[in-house]
Amino acid sequence: MPIHGSLFQDFKEEQSSDQFSLQNKKLLKIQMGHGPVMARTGSMVAYQGDVRFENKGSGGVGKFLKQAATGEGVKMLTCTGQGELFVANEAQEIQVMYLENDMISVNGNNVLAFSASIDWDIQRIQARGAAMTGGLYNVTLRGSGYVAITTKGEPVALDVASAPTFGDAQAVVMWTGGVRMDIKVDTGGMKSMLRGGTGETFQMAFGGQGYVLVQPAESVTDGGHQSSGGSSGGLSDLLGG
C-alpha cells in the first residue's frame with residue numbers, strides 16, 4: 001500500500017556541494033569527497049557511501065601527555081572515504097564556520113567536527129586569577145577549513161571591542177583570535193560562593209578585538225572549561241584517551 005503524507009518531502013535531504021552544510025539546526029552533513037575530517041567520537045548518526053572511521057584517541061603523544069597532566073584529551077575519529085556523513089550531538093544546535101588562516105578557542109565539549117586541514121591543540125588559558133578556578137583549558141583550532149561546534153540553544157555573538165564583556169565560564173562556548181580573556185573574581189565574599197548568593201564566584205572577562213560566543217545555558221558538566229582541581233567536568237567528556 002502507498003504511504004500518504006508529506007513526511008519524506010518535508011524532511012528530504014538538503015543538497016549542497018560544500019564540505020560542511022546544515023541538514024537542519026541539529027544535524028550536520030559532511031561531503032566526504034572534499035577530504036578527511038575529524039568528528040567527535042559517537043557523533044555519527046548515518047552515512048551513505050563508503051565512509052571509514054579510525055579512532056585517533058587523544059591525537060598523538062604530545063596531546064596524550066597533556067591529557068595526563070590536565071585530565072583533558074580529544075576523543076575524535078578520523079573519517080575518510082567517499083559519500084555523505086551525518087553527525088550530531090544530543091540534538092544540540094550546530095554552528096558552522098569556515099576559518100581562513102585564522103584561529104578560535106573553543107570549549108572542548110562544544111567541538112563537533114572540523115576539516116583535517118585544521119590544526120588543534122589543548123591549551124591552558126593564560127589569565128590572571130585562572131589558578132583560583134583550578135585551571136582553565138580550551139581547544140585551539142587554527143588554520144584554514146570548516147569547523148562545526150554545538151550550542152545548547154541559539155547563541156549570542158558579542159563584539160568585545162564595543163564594550164567591556166563578561167561571561168559565565170559555564171556558558172561561554174568560544175572566542176575568536178584577537179580576543180583577550182581574563183578572570184574577574186566575584187567580590188561578594190562567602191555568600192557569593194553559595195547557592196542563594198550571587199551564584200557566580202568568577203566570570204570570564206574579555207577585551208581586544210573579536211567575538212565571544214555565549215550559549216543560553218549553564219551546565220557544570222557540559223560547559224565548564226575547568227580541568228583538574230576544578231569542580232566542573234570541562235572538556236573531559238569529549239576529550240580523553
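Residues numbered from 1 in each chain as written. Predicted model: local features only at pLDDT ≥ 70, side-chain atom pairs only at ≥ 80, totals over all residues. Heavy atoms only, no water.

An unreviewed UniProt entry annotates the protein chain as AIM24 family protein originating from Janibacter hoylei PVAS-1.

Now for the nonpolar core. If you look at the biggest cluster of nonpolar residues, it comprises 18 residues, and the most contacted ones within it are Ile-104, Phe-114, Leu-141, Val-147, Ile-149 and Met-174. For this core, the secondary structure elements donating two or more residues are strand S6 (93-106), strand S7 (111-115), strand S8 (119-124), strand S9 (137-151) and strand S12 (172-176). In this structure Val-147 touches Phe-20, Gln-95, Val-96, Met-97, Leu-99, Ile-104, Ala-113, Phe-114, Ile-118 and Leu-141, once residues within four positions along its chain are discounted. Judged by nonpolar contacts, the second largest core, of 16 residues, contains Leu-28, Val-37, Leu-77 and Val-87. (Core = buried A, V, L, I, M, F, W, Y, C linked by side-chain atoms within 4.5 Å. Buried < 20%, exposed > 50% of the residue type's maximum accessible area, 1.4 Å probe, protein only. Helix = DSSP H or I, 4+ residues; strand = E, 2+ residues; numbered from the N terminus. Contact = heavy atoms within 4.5 Å.)

What follows deals with the environment of Ser-115. With respect to the helices and strands, the residue Ser-115 is situated in strand S7. Ignoring sequence-local partners within four residues, the contact set of Ser-115 consists of Gln-19, Phe-20, Pro-36, Val-37, Gly-145 and Tyr-146.

Attention shifts here to a nonpolar patch on the surface. Residues Ile-3, Leu-7, Phe-8 and Phe-11 make up a contiguous nonpolar surface patch of about 520 Å² in total accessible area. With respect to the secondary-structure elements, Phe-8 resides in helix H1 (residues 7-10). (Patch = residues over 30% accessible without salt bridge, like charges linked within 9 Å, V, L, I, M, F, W, Y side chains within 5 Å. Areas by Shrake-Rupley, 256 points an atom, 1.4 Å probe, with all protein chains shown as cover. Salt bridge = Lys/Arg side-chain N within 4 Å of Asp/Glu carboxyl O.)

What follows covers the pattern of salt bridges. Applying the stated criterion across every chain yields a total of four salt bridges. One salt bridge in this structure joins Arg-52 and Asp-50, with 2.8 Å as the shortest N-O distance. The class of Arg-52 is partly exposed, set by a relative accessible area of 44%. By sharing partners, the salt bridges in this structure join Glu-13, Lys-29 and Glu-84 into a single network.

So, about unusual backbone geometry. For Glu-90, which is not a glycine, the phi torsion comes out positive at approximately 50 degrees. Inspection of the secondary structure assignment puts Glu-90 in the loop between strand S5 (76-87) and S6. Within the chain, Asn-101 stands out as a residue other than glycine whose phi angle is a positive 50 degrees. When you line up the elements, Asn-101 lands in strand S6. Given the relative accessible area of 69%, Asn-101 is considered exposed.

Further remarks concern the packing of aromatic side chains. Per the counting criterion, the structure on display carries four aromatic pairs. Residues Tyr-98 and Tyr-146 carry aromatic rings whose centres are separated by 5.0 Å and whose planes lie at 75 degrees to one another, so their mutual orientation is edge-to-face. One end of the pair, Tyr-98, is in strand S6; the other, Tyr-146, is in strand S9, and 48 residues separate them in sequence. Accessibility expressed as a relative area gives 47% for Tyr-98, which makes it partly exposed. Tyr-146 gets classed as buried once you look at its relative accessible area, which sits at 18%. Between Trp-175 and Phe-206, the aromatic rings sit 5.4 Å apart at their centres with planes inclined by 55 degrees, giving tilted as the arrangement. Here Phe-206 lies in strand S14 (residues 202-208) and Trp-175 lies in strand S12, a separation of 31 residues in the sequence. Using a relative accessible area of 6% as the deciding quantity, one classes Phe-206 as buried. By the ring-pair criterion, three or more aromatic residues cluster together here, those being Phe-20, Tyr-98 and Tyr-146. (Phe/Tyr/Trp six-rings, centres within 6.5 Å; stacked < 30°, edge-to-face > 60°.)

Chain-level statistics for the protein chain give a pLDDT mean of 80 and a share of 71% at 70 or above. Across residues 130-135, confidence stays below pLDDT 50; counting only partners more than four residues off in sequence or on other chains, it has 16 contacts. Contacts from residues 226-241, a stretch scored under 50 in pLDDT, to residues over four places away or in other chains number 72 contacts. (pLDDT = per-residue confidence, 0-100.)

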